[in-house]
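# Observations on the three-dimensional arrangement
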Amino acid sequence: MRKDKVGALVILALSIVYGAMAFNIPEAPGVEDTGVTPSSLPIALSATGIVASLLILVLPAPRRIDSDRDGSSFADAFKGLDWRCAAFLFLLMAGYGLILKSLGFLIATILFLYGGFWAMGERRIKLMLLVSIGVTVGFWFILTQLLRIYLEPGVLRFLEAN
Amino acid sequence: MVLEGIMTGLSTAFTFTNILMVSLGVFAGTFIGMLPGLGPISTIALMIPITYGFEPSSGLILMAGVYYGAVFGGSTSSILLNTPGEASTVATSFDGYPLAQAGKAGKALATAAYSSFSGGTIGALFLLLAAPALAVVSLSFQSADYFALMVMGLTAVSAFAGKGQFLKAILMTVLGVMLSTVGTDNSTGIQRFTLGQLDLIDGISFLLLAMATFALSEALISVLKPGETSNAVETAVKEKFGSLKVSKQEFKEIAPSVGRSSVLGFFIGVLPGAGATIASFLAYGMEQALAKGAAKLQFGKGSLKGLAAPETANNAASTGSFVPLLTLGIPGSGTTAVMLGALISYGVQPGPRLFAERPDVFWSVIVSMYLGNVVLLILNLPLIPYIARLLAVPKPFLVPFVLFFSLIGVYLVSFNNFDIYLMVGFAACALFFRLLDFPMAPMLLGFVLGGLLEENLRRALLINDSSLSFLWSRPITLIILVITAVVLFLPLYRSLVERFRFQP
């Protein structure tokens, strides 16, 4: 399947779900005055999304892009990519969100950067530690001491008490 | 009045702090913009959180520096590495990269800087004249006209998206407007598409969306598609740099191209949706068509004219795109959309009222845009060999830094973990659509204009007793809508013809 059709299919599904949700938006009292309810624009958008994605799905591809050789097929678009590294970085980012408050900015950020360097193939442990700790502490200093922005101390809360 | 305004702008911009700001901005912008894959949208988005606490005028001036720096940084990576950070510097690489390969990277970068400066200067002059004039006219605009203008802006960005991209761009625009409807509806207070999440009641933040769909996804794409290594950067910088000098003869040679491309670039930049990419390609095409004999054959093999034309047009168009943003409050491109986000974060709402009520801000934006240009030439050009060396920072370190600064930039605004999860989700979706060749800029523009579109439609209907007659009864509205229809149907027609010509 061609990649633009796959994209269109995904947006078609999104538009349908969005449209269905739009019909369930409650009416607000008094809005009949203008005729535009909170669901008017969403319904119009859903309709436009459905029509435009159907057009891509139904119409043949422009001559220029329809060739498997130029990587216009869905499989080609996702072939030969470094998925492992990207997936690890995604997990790392989500994990960062998870531990940022509990472990605190300093520890969470050092772990995030260290993990990121590791994921990207760096293996010089001392350098990785030096860079991640150096950047994190420097950034923390600028934010908390110079710009007076409060950052969660997390598990290092006891330091703050002193 | 224009002179008075310029003086106001100059007095705001020419303070020690502000000159320091613009210099820092240009430096940071060049560096980030130079990183292969990261374009001006990501660069500006990355800088917004850092400048949150700044005075509006200082923040704006820094942003102007960042903007020009990012554009020039993109040209630098196009010339040195043949890896344009974004579409508008693709044409720069046609002749810039061959020059660099011939050991004339210094000359190519200097030509690019001089051309950008000239394009920016001529663009700024036009901006000085056009912006106040249009601002005065736009004071008479009503909601109906604004509604029509937004429809035109949204349509135009798709229409100019490039061959085979029209329908995809429309879909991405629609997706952007859909995202803008998430949250509490401003006029009725009703919640829409919040999925019961308290965190979504205020809607999705523009910064979050811009960071996730540009900075994060651009960095992740570079991970998925490993390209240039930092070794290549080092070689490019050390071995091929050559002198930064451009001879008098060469200046004379490129001067007419620079003049033509500036005018062309500015006017294309003013058009909503067209912008720097189209301007740079058209200028390149125009110069190639005008060249004769040996000069024509030189195009694509290291012609200085071929490098100067797109660079000039690119910068002139970037300046031109500020006309609709400053006077109407309507961004015409992804880059100006993110600039609008930056302006709003300083409490500056561009539009006709800005000119009337806050002339100091209006003029300081214009003056600082120009100051950014000057600093770029004076400070940045001599430093380019050194800034470029920073690119040799190995990718295993760069990518996690970009991810970290994007995430923390958004987190520092809301202090809400949910925003980080949302960013990860959006980045994954953006990555998926990028791999399928769906353009991201229209989505961002749709998101920015979505809220305004709905608000103006409501207001227009309220004024017109719920009748849609305003669409044809007001001449300005009608003219804008007719132009929109032409802009919409021409590429749609072409797109359909192109698709039907194909025999599967």
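No experiment lies behind these values; they were computed from the predicted model shown.

Another point: the overall build of chain A. The secondary structure content of chain A amounts to 7 helices and 0 strands. Each helix and strand of chain A, placed in order from N terminus to C terminus, yields the pattern α-α-α-α-α-α-α. The buried share of chain A, taken over its 162 residues, is 44%. A fraction of 59% describes how many contacts in chain A between residues 6 or more apart in sequence connect residues 24 or more apart. Looking at chain A as shown, the accessible area adds up to about 8600 Å², and 70% of this sits on carbon and sulfur atoms.

A count of helices and strands for chain B gives 23 helices and 2 strands. Its C-alpha atoms put chain B at 65 × 65 × 50 Å along the principal axes. Every one of the 504 residues in chain B was classed for burial, and the buried ones make up 62%. At a minimum sequence separation of 6, the contacts of chain B that also span at least 24 residues come to 80%. Looking at chain B as shown, the accessible area adds up to about 18100 Å², and 67% of this sits on carbon and sulfur atoms. Across chain B, the mean location of the 27 positive side-chain charges is 12 Å away from that of the 24 negative side-chain charges.

Bringing the confidence of the model for chain A into the picture now. When the pLDDT values of chain A are averaged, the result is 87; 89% of them are 70 or greater. When pLDDT is averaged over each helix and strand of chain A, the minimum, 69, is found for helix H7 (residues 157–161) of chain A and the maximum, 96, for helix H5 (residues 105–119) of chain A.

Quick look at the side chain of serine 58 of chain B now. The topology assignment puts serine 58 of chain B in helix H4 (residues 56–81). In this view, serine 58 of chain B contacts Asn18 and Met21 of chain B; residues no more than four positions away in its chain are not counted.

The next thing to look at is the packing of aromatic side chains. Considering all chains together, one arrives at 29 aromatic pairs over all chains under this definition. Ring geometry for phenylalanine 94 of chain B versus tyrosine 284 of chain B: centroids 5.2 Å apart, planes at 75°, classification edge-to-face. Residue phenylalanine 94 of chain B is found in helix H5 (residues 90–101), and its partner tyrosine 284 of chain B is found in helix H12 (residues 275–290); the two are separated by 190 residues along the sequence. Judged by its relative accessible area of 32%, phenylalanine 94 of chain B falls in the partly exposed class. Aromatic ring contacts, followed pair by pair, group Phe74, Phe78 and Trp83 of chain A together with Phe432, Phe433 and Phe438 of chain B into a single cluster. When the ring centre of tryptophan 118 of chain A is taken as reference, the NZ or CZ atom of arginine 123 of chain A above it lies at 3.8 Å. The ring of phenylalanine 214 of chain B is capped by arginine 434 of chain B, whose NZ or CZ atom sits 5.2 Å from the centre of that ring.

Turning next to the interface of chain A and chain B. At the interface, 79 residues of chain A touch 65 residues of chain B. Buried surface at the junction of chain A and chain B, summed over both partners, amounts to about 6300 Å²; 82% is from carbon and sulfur atoms. On the surface where chain A and chain B come into contact, there are 1 salt bridge. Taking the shortest distance from any N to any O, the salt bridge between lysine 3 of chain A and aspartate 437 of chain B comes out at 3.2 Å. In this structure, the connection of chain A to chain B is made through 9 residue pairs in polar contact (both at pLDDT 80 or more). Counting residues per element, the ones that place at least two in the side of chain A that touches chain B are helix H1 (3–23), helix H2 (40–58), helix H3 (74–77), helix H4 (83–99), H5 and helix H6 (125–146) of chain A. Its residues placed into classes, the side of chain A that touches chain B shows 52 nonpolar, 13 polar and 14 charged.

The biggest cluster of nonpolar side chains holds 201 residues, and the ones touching the most others in it are Leu89 and Tyr96 of chain A. Inspection of this core shows a minimum of three residues originating in each of domain 1 (3–77) and domain 2 (83–161) of chain A. Apart from residues no more than four positions distant in its own chain, leucine 89 of chain A is found in contact with Gly116, Ala119 and Met120 of chain A together with Leu220, Val223, Val399 and Leu403 of chain B. Membership of the second largest hydrophobic core comes to 7 residues, among which are Ala279, Ala283, Ala313 and Ala317 of chain B.

An α-helical turn contains 3.6 residues, so any two residues separated by three or four positions project in the same direction. Residue and element names in this part refer to chain B. Along its 16 residues, H12 runs 22 Å from first to last C-alpha, staying within 8% of the 22 Å computed at 1.5 Å per residue. Those residues of H12 not exposed but buried are Gly275, Ala276, Ala279, Ser280, Ala283, Tyr284 and Glu287. Buried residues of H12, viewed axially, fall in a sector of 160°; they line one side. Residues of H12 that are buried sit in contact with H5, helix H11 (248–270) and helix H14 (304–320).

Under the 1.5 Å per step criterion, the end-to-end length of H4 of chain B is 36 Å for 26 residues, consistent within 8% with the ideal 38 Å. One or two residues past the end of H4 of chain B sits asparagine 82 of chain B, with phi positive at roughly 60°.

A few words now on the packing of helix H8 (residues 166–180) of chain B against helix H21 (residues 441–463) of chain B. All names here are of chain B. Where H8 contacts H21, the axes come no closer than 7 Å and their chain directions differ by 40°. The angle between H8 and H21 places the two elements in the oblique class. For the pair H8 and H21, the crossing hand works out as right-handed. Judged by residue contacts, Ala169, Met172, Thr173, Gly176, Val177, Leu179 and Ser180 of H8 engage Pro442, Met443, Gly446, Phe447, Gly450 and Gly451 from H21. Its residues assigned to classes, the contact of H8 with H21 comprises 7 nonpolar, 6 polar and no charged.

All right, on to a nonpolar patch on the surface then. All names here are of chain B. Nonpolar side chains collect at one region of the surface, where Phe27, Ile378, Leu379, Leu383, Tyr386 and Leu390 lie side by side and expose about 550 Å² of accessible area between them. Ranked by the residues each element gives to the nonpolar patch, the list is headed by helix H18 (residues 359–390), at 5 residues. Structurally, the position occupied by isoleucine 378 is in helix H18.

Cut-offs used in this document
- Residues numbered from 1 in each chain as written.
- Chains lettered and ligands numbered in written order.
- Predicted model: local features only at pLDDT ≥ 70, side-chain atom pairs only at ≥ 80, totals over all residues.
- Heavy atoms only, no water.
- Helix = DSSP H or I, 4+ residues; strand = E, 2+ residues; numbered from the N terminus.
- Buried < 20%, exposed > 50% of the residue type's maximum accessible area, 1.4 Å probe, protein only.
- Contact = heavy atoms within 4.5 Å.
- Areas by Shrake-Rupley, 256 points an atom, 1.4 Å probe, with all protein chains shown as cover.
- Lys, Arg positive; Asp, Glu negative; His and termini not counted.
- Charge placed at Lys NZ, Arg CZ, Asp CG, Glu CD.
- pLDDT = per-residue confidence, 0-100.
- Phe/Tyr/Trp six-rings, centres within 6.5 Å; stacked < 30°, edge-to-face > 60°.
- Lys NZ or Arg CZ within 6 Å of the ring centre and 35° of its normal.
- Buried area = accessible area lost by both parts, 1.4 Å probe.
- Salt bridge = Lys/Arg side-chain N within 4 Å of Asp/Glu carboxyl O.
- Polar contact = N/O pair within 3.5 Å; in protein donor to acceptor, adjacent residues only side chain to side chain.
- Nonpolar A, V, L, I, M, F, W, Y, C, P; charged D, E, K, R; others polar.
- Core = buried A, V, L, I, M, F, W, Y, C linked by side-chain atoms within 4.5 Å.
- Domains from an automatic or database assignment.
- Expected span 1.5 Å × (residues − 1).
- Arc of directions from axis to C-beta.
- Axes fitted to C-alpha atoms, helices over the stretch in contact; angles between N-to-C directions.
- Parallel < 35°, antiparallel > 145°, perpendicular 65-115°, else oblique.
- Left-handed = near helix turned anticlockwise from the far one by under 90°.
- Patch = residues over 30% accessible without salt bridge, like charges linked within 9 Å, V, L, I, M, F, W, Y side chains within 5 Å.

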